[in-house]
Every structure is written in structure tokens, then in C-alpha cells.
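Structure assessment
For reference, the chains in residue letters:
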Amino acid sequence: MKTGAKAAVEPGMIWVPGGRFRMGSDAHYPDERPAHEVVVDGFWMDRTPVTNRRFRRFVEATGHVTLAERALDPAQYPGASKADLAPGSLVFTPPAYRVTSHKDPLVWWRVAHGADWRHPLGPGSSIKGIEDHPVVHVGYADAEAYAAWAGKALPTEAEWEFAARGGLEDREFAWGDELTPGGRHMANTWQGEFPNQNLLEDRYARTSPVEAFPPNGYGLRDMIGNCWEWTADWYVDGHADPGGHRACCAPRNPRGPSEEEASVEPNAPNIRRKVLKGGSHLCAPNYCRRYRPAARHAEAVDTSTGHVSFRCVKRVPPEA
């Protein structure tokens, strides 16, 4: 069932017709449950994640300073040294030894002072030659500021997931049920034993150009893999299901929980988290098998990393 009305063409955006779909999954991670019926109205969505090139235009026009480029507030981090409060972001660094447990992500993540969207690997690196890769090291507020400047918004989790499915119902991936149909890589993910062995069968060790892999059924690129993407919804550990498993009661345009209801880090009650979708180039069969439309992940709003980006939507007013 398709809903919504298509308005004038938006440059660089794809019309997603809206409709009813089964959101979430009962077959994978617990926070994807329960699978339930949802209805979303039609909307426009950026054809690709926001690239370094596009983000640079935003920064040049507004003077925006990203989260990673600002020193941390010592009041929020009592006892931290001045060096630890310096601007920076999380950069993936493969450990020199074989990892047998994935319980501690800090084994492969390091805080790189001086890492930001202009310097994705830290001081000495740049975005020269990767202008058409997704922008990274952007926090939630950075994505929100870009969306406001562009006259758009960040997608809800339901909108994002519906768009990622590309018109397919109850399929494992955005293109079907086989990860590499006919041996073809459909997204930038990790091949090999994470985090030490990357076989590079898809040719990319880190991010890839946003046009490198095939579009889904709606014509959207990179909905799976390459970089996780921010959504507007606060994270809770699982889907609310107020009768939505019944077709008669499917919620329309659900917006997720309120900030007050949002989950917090168990050991950091002041940290709020948003929902990320899509997986990244660091998702592997042996770790973080989240390169699927139903998959979701929590990310603190005061965090930026080298594998999180975003794209925007534009909603059609009800009277259109």
C-alpha cells in the first residue's frame, strides 16, 4: 500500500512513495524485536549520504564548527586532563594482535586528537581525493545543523528502514536474501575476521565513494554498509509495539520515544543515544552483522567516529 503525494522534483533526492511495511526483525539482535507493521507517508530522501564535498559547502556557508573540532567541556568530564579534553574523534585502528573477544570495542577504536571531518584519520590526513566519500566524524548536532541549513530534516527510524528496503518485503538485505548474489558485492562491508583480517574483496579498507555500489529498488545508494547513518529517533532497546503487529493497528509515521524515555548508557546516566541505521564498512559476519535494513545501533549524541555519517529527508505537507 503506497501513501503520500509526490511534489516537485528535489535535486539530488529520490521520491520514496511510502506505504505499509513490516519493521524490525525477530530473527537477529534482540533490539530489532518485535517485527511489527508500520505505515509511513511518502517523502523525499537524499540519494546518497552527505559527502565531504557537500558538507564542506555547508561549513563554508555557515562557519559551523563540528563536535570533533571543539574541546570537551571540563565540567562534563571531571578529572580529565587538558590533553584528554583536546578536540578529536574516534578512529578505527586495527590491533597488531589477533582479537578473540569482541567485548571491548576500545581494542580497535582510539581517540585521535585532531581527527575531524577534514582530517578523517587524524593530523596529516585530509579529504583530498575522497570528496565523494560520505562525511564522517559528525555528531548528531552536526547532522541536524546541516539538515536545517539545507531546509531538510533527519529521517525517522521508520522512514529510513522503509527507504532502505527499496520496495522489498521481509528480505534480509536491501537487495534480497543473499549477501553477495552471484559473488557480487552490493555494499561496502568487512570481509574476513574482524578486526584484524580484511580481505578487501569489495576493494575498500575504509569508506568508499557514495556511487560505488548498486542502488536499491528506489534508486538510493549506500543504504547498507559504508557508514552508519544518524536518524532522528531516540534509542530504546527494542521496538514499541502498541498492537502494531496487527494490520488493523499499524502506527502511522512513528517517531520513536521521547528524550525522557530514551535509553541511557548503563554507567553514564547523562548520556542520551540516537538510533543509527545501515551498518558500516566495519560490519563483518563474525562481528556486528548489522548490514541489514532492520538492524539498528545506539550512538551517544556527544560522540563522533570515522564510520558514522547521515543523509536527509524532505517531507511533503499533508495538504500537498
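Residues numbered from 1 in each chain as written. Predicted model: local features only at pLDDT ≥ 70, side-chain atom pairs only at ≥ 80, totals over all residues. Heavy atoms only, no water.

Let us now look at the environment of Ala 295. Looking at where Ala 295 falls in the secondary structure, it is placed in the loop between strand S9 (268-277) and strand S10 (297-300). C-alpha of Ala 295 to C-alpha of Gly 124: the two residues are 171 residues apart in sequence and 34 Å apart in space. Among residues more than four places away in sequence, those in contact with Ala 295 are Glu 32, Leu 276, Lys 277 and Arg 290. (Helix = DSSP H or I, 4+ residues; strand = E, 2+ residues; numbered from the N terminus. Contact = heavy atoms within 4.5 Å.)

The next thing to look at is the environment of Ala 262. Assignment of secondary structure puts Ala 262 in the loop between strand S7 (228-234) and strand S8 (264-265). It is 5.6 Å that separates the C-alpha atoms of Ala 262 and Trp 234, two residues lying 28 residues apart in sequence. Dropping the residues within four chain positions of it, Ala 262 is found in contact with Trp 234, Tyr 235, Val 236 and Arg 272.

What follows covers the nonpolar core. Counting residues in each nonpolar core, the largest one holds 27 residues, and the members touching the most others are Phe 55, Val 135, Tyr 146, Leu 154, Trp 230 and Phe 310. Elements with a contribution of two residues or more to this core: helix H1 (52-62), helix H2 (140-149) and S7. Counting 17 residues, the second largest nonpolar core, distinct from the first, contains Val 40, Met 45, Met 223 and Val 313. (Core = buried A, V, L, I, M, F, W, Y, C linked by side-chain atoms within 4.5 Å. Buried < 20%, exposed > 50% of the residue type's maximum accessible area, 1.4 Å probe, protein only.)

Our next topic: the pattern of salt bridges. Under the defined criterion, the tally for this structure stands at 16 salt bridges. Residues Glu 211 and Arg 221 are paired through a salt bridge, measuring 3.1 Å at the closest nitrogen-oxygen approach. Taken as a pair, Glu 211 in the loop between helix H3 (157-165) and S7 and Arg 221 in the loop between H3 and S7 lie far apart in primary sequence, 10 residues in all. Here the residues in one salt-bridge network are Glu 157, Glu 161, Arg 165, Lys 277 and Arg 296, joined through shared partners. (Salt bridge = Lys/Arg side-chain N within 4 Å of Asp/Glu carboxyl O.)

One open sheet holds the 3 strands; their spatial order is S1-S4-S12, and the pairing between them is antiparallel. For this open sheet the edge positions go to strand S1 (13-16) and strand S12 (313-315), each flanked by a neighbour on one side alone. With strand direction ignored, the average angle separating the axes of adjacent strands in the sheet is 25°. (Pairing = 2+ DSSP bridges. Axes fitted to C-alpha atoms, helices over the stretch in contact; angles between N-to-C directions.)

Attention shifts here to the pairing of strand S5 (residues 88-92). The element S5 is largely enclosed, with a buried count of 5 among its 5 residues. The sheet contact formed by S5 and strand S6 (residues 109-113) spans 5 bridges and is antiparallel. Across the sheet, the residue bridging to Gly 88 is His 113, located in S6.

For the rest of this paragraph, the subject is H1. Helical periodicity: at 3.6 residues per turn, an α-helix aligns residues three or four positions apart in one direction. Buried within H1 are the following residues: Asn 52, Arg 54, Phe 55, Phe 58 and Val 59. Down the axis of H1, the smallest arc covering the buried residues is 165°, so these residues share one side. Residues Glu 60 and Ala 61 are exposed on H1 and point more than 90 degrees away from its buried face. Just downstream of H1 lies Gly 63, where phi reads positive at about 75°. (Arc of directions from axis to C-beta.)

In short, geometric facts, not functional conclusions.
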